[in-house]
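An overview of the molecular structure
One letter stands for each residue in the lines below.
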Amino acid sequence: MTTKRILSGMRPTGKLHLGNLHGALKNWVNLQNENNYECFYFVADWHALTSDYGDTGQILENITDMVIDWLSAGLDPQKSTLFVQSKIKEHAELFLLLSMITPLPWLERNPTYKEMKEELTNRDLSTFGFLGYPVLQAADIIIYKAHGVPVGVDQLPHVELTREIARRFNFLYREIFPIPEPLISDVPKLLGIDGRKMSKSYGNSIFISDTGDELSKKIMSMFTDPQRMRKTDPGRPEICNVFSFHQLYSEEESIKEIDVECRRAGIGCIECKKRLAARITEGLKSVHERQEYYRSHMQEVSDIIEDGNARAEKIAKATLGEVREAVKI
Ligand code: AMP
């Protein structure tokens, strides 16, 4: 059985939310536990600058917090290499070389680029860095010769672009890079409390660390079936975001009951939301316990990152050696 390499990253732009947990992190943990995969997961701190370049004060703190969240969600540093992008300078060199061979229209037609520019009107995203970040992402992936990239559905156009850039490099210089495949999780697009995609940038997130009143308040404000104005109106679970969260957090029996009762107006939205808050609290309990542990063992967290950086750097340096030889530079 040949070992395949897995690579994925997240931007340290704030606390992790349930979209990150179900769309990416759970998938990362599953992959690490399959023995034919060698997993590399990185903190994409340079990527955080692409949209948050004006306010970098939180990045360092966010890096440690995010790694704590990863470990708390079940990533095991004995099985997975956890590292910080900006510590491995070879990513930047490969990014520069790839930027030479990437046609501009490939970046301009990227749907995620267009969507974010439309949604984030409060920031000036007309920068070279923001347009070009999928090229940096391509460098992040192929420098480890990754075969699989576990991501949420929003990242699919970027993985596609990575594939095109890798093919172009292999064609122009030498066949160095495998063409990576996206690996989509069971929850490719979790919606936030306002019904849009859950995103740190949209202020609609339920965070992994949310508990008690904070969590209840968010769940109580979640959009439900818009046609269900009163408790006596029958609901449609298939279009209700609260129901989709029950599918992630509630027991099979309870999901069935809610499905039936909602349709015949036997259970109201408030009761349904209360039950959900209780289930999420229960579901995240062990994650919160591990967060507590790591927060009081910060040296252990730093050692894990140091060790991961060293492991990643070794591979990145070896690939860059091959790349420089192929490009003759
Ligand atoms: P980001 O916060 O953009 O760095 O995303 C980190 C990872 O979480 C990526 O793999 C995303 O695809 C995934 N992700 C982010 N938001 C969601 C969401 N609402 N639903 C599913 N996956 C998501």
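Residues numbered from 1 in each chain as written. Predicted model: local features only at pLDDT ≥ 70, side-chain atom pairs only at ≥ 80, totals over all residues. Heavy atoms only, no water.

**Side note on the pairing of strand S4 (residues 148-151)**
- What you see with S4 is no split at all: Gly148 and Pro150 on one side and Val149 and Val151 on the other are buried throughout.
- As a crossover connection, the stretch from S4 through helix H8 (residues 156-172) into strand S5 (residues 181-184) is right-handed. (Buried < 20%, exposed > 50% of the residue type's maximum accessible area, 1.4 Å probe, protein only. Helix = DSSP H or I, 4+ residues; strand = E, 2+ residues; numbered from the N terminus. Right-handed = clockwise from strand over helix to strand, strands pointing away.)

**Section: the environment of Val187**
- Within the secondary structure, Val187 sits in the loop between S5 and helix H9 (212-220).
- With a relative accessible area of 15%, Val187 lands in the buried category.
- Along the sequence, Val187 and Ile63 sit 124 residues apart, while their C-alpha atoms lie 24 Å from each other.
- In contact with Val187, other than residues within four places in its own chain, are His22, Gly23 and Leu248. (Contact = heavy atoms within 4.5 Å.)

**A few points about the nonpolar core**
- Ranked by size, the top nonpolar core spans 53 residues in total, and within it Leu18, Leu25, Tyr41, Trp70, Ile206, Phe245 and Ile280 carry the most contacts.
- Residue contributions to this core peak at eight residues, all from helix H3 (residues 59-73).
- Contact partners of Tyr41, with chain neighbours within four places excluded, come to Ile6, Ser8, Trp28, Leu31, Gln32, Trp70, Leu75, Ser80, Thr81, Leu82, Phe83 and Pro150.
- In this structure, Phe40, Ala146, Val159 and Ala166 belong to the second largest nonpolar core, which totals 44 residues. (Core = buried A, V, L, I, M, F, W, Y, C linked by side-chain atoms within 4.5 Å.)

**A closer look at the side chain of His47**
- Turning to its location among the elements, His47 is positioned in helix H2 (residues 45-52).
- Classification of His47 by relative accessible area gives buried; the value is 5%.
- Side chain to side chain, His47 and Asp140 meet in a polar contact 2.8 Å long.
- Sequence-distant contacts of His47, defined by excluding residues within four places in its chain, comprise Arg11, Gln85, Tyr133, Leu136, Gln137 and Asp140. (Polar contact = N/O pair within 3.5 Å; in protein donor to acceptor, adjacent residues only side chain to side chain.)

**Some details on the environment of Leu71**
- Its place among the elements puts Leu71 in helix H3.
- When the C-alpha atoms of Leu71 and Val301 are compared, they prove to be 8.9 Å apart, with 230 residues separating the residues in sequence.
- Discounting chain neighbours no more than four positions away, the residues touching Leu71 are Pro77, Leu82, Arg290, Tyr294, Val301 and Ile304.

**Re helix H11 (residues 252-263)**
- The end-to-end C-alpha distance of H11 is 17 Å, a good match for the 16 Å that 12 residues give at a rise of 1.5 Å each.
- Inspection of H11 places Ser254, Ile255, Ile258, Glu261 and Cys262 among the buried residues, and these make up the whole buried set. The buried residues of H11 occupy an angular sector of 140° when projected down its axis, which confines them to one face. What points out from H11, more than 90 degrees from its buried face, is the exposed set Glu252 and Glu253.
- As for H11, its buried residues are in contact with helix H10 (241-249) and helix H12 (269-283).
- Note on H11: the residue one or two positions beyond its end, Ala265, has a positive phi of about 55°. (Expected span 1.5 Å × (residues − 1). Arc of directions from axis to C-beta.)

**Overview of the packing of H10 against H12**
- Remark: H10 packs on H12, axes separated minimally by 10 Å, with the N-to-C direction vectors making an angle of 35°. Regarding H10 and H12, the two cross each other, and that crossing is left-handed. Only Cys272, Lys273, Arg275, Leu276, Arg279, Ile280 and Gly283 of H12 make contact with H10, whose side of the interface consists of Val242, Phe245, His246 and Tyr249.
- Grouping the constituent residues of the contact of H10 with H12 by class yields six nonpolar, two polar and three charged. (Axes fitted to C-alpha atoms, helices over the stretch in contact; angles between N-to-C directions. Left-handed = near helix turned anticlockwise from the far one by under 90°. Nonpolar A, V, L, I, M, F, W, Y, C, P; charged D, E, K, R; others polar.)

**Some points on the side chain of Asp69**
- The residue Asp69 is located in helix H3 in this model.
- The side chain of Asp69 is buried and forms no salt bridge, while Arg295, the nearest opposite charge, is found at 4.7 Å.
- Apart from the residues lying within four places of it in its own chain, the contact partners of Asp69 are Leu16, Leu25 and Gln291. (Lys, Arg positive; Asp, Glu negative; His and termini not counted. Salt bridge = Lys/Arg side-chain N within 4 Å of Asp/Glu carboxyl O.)

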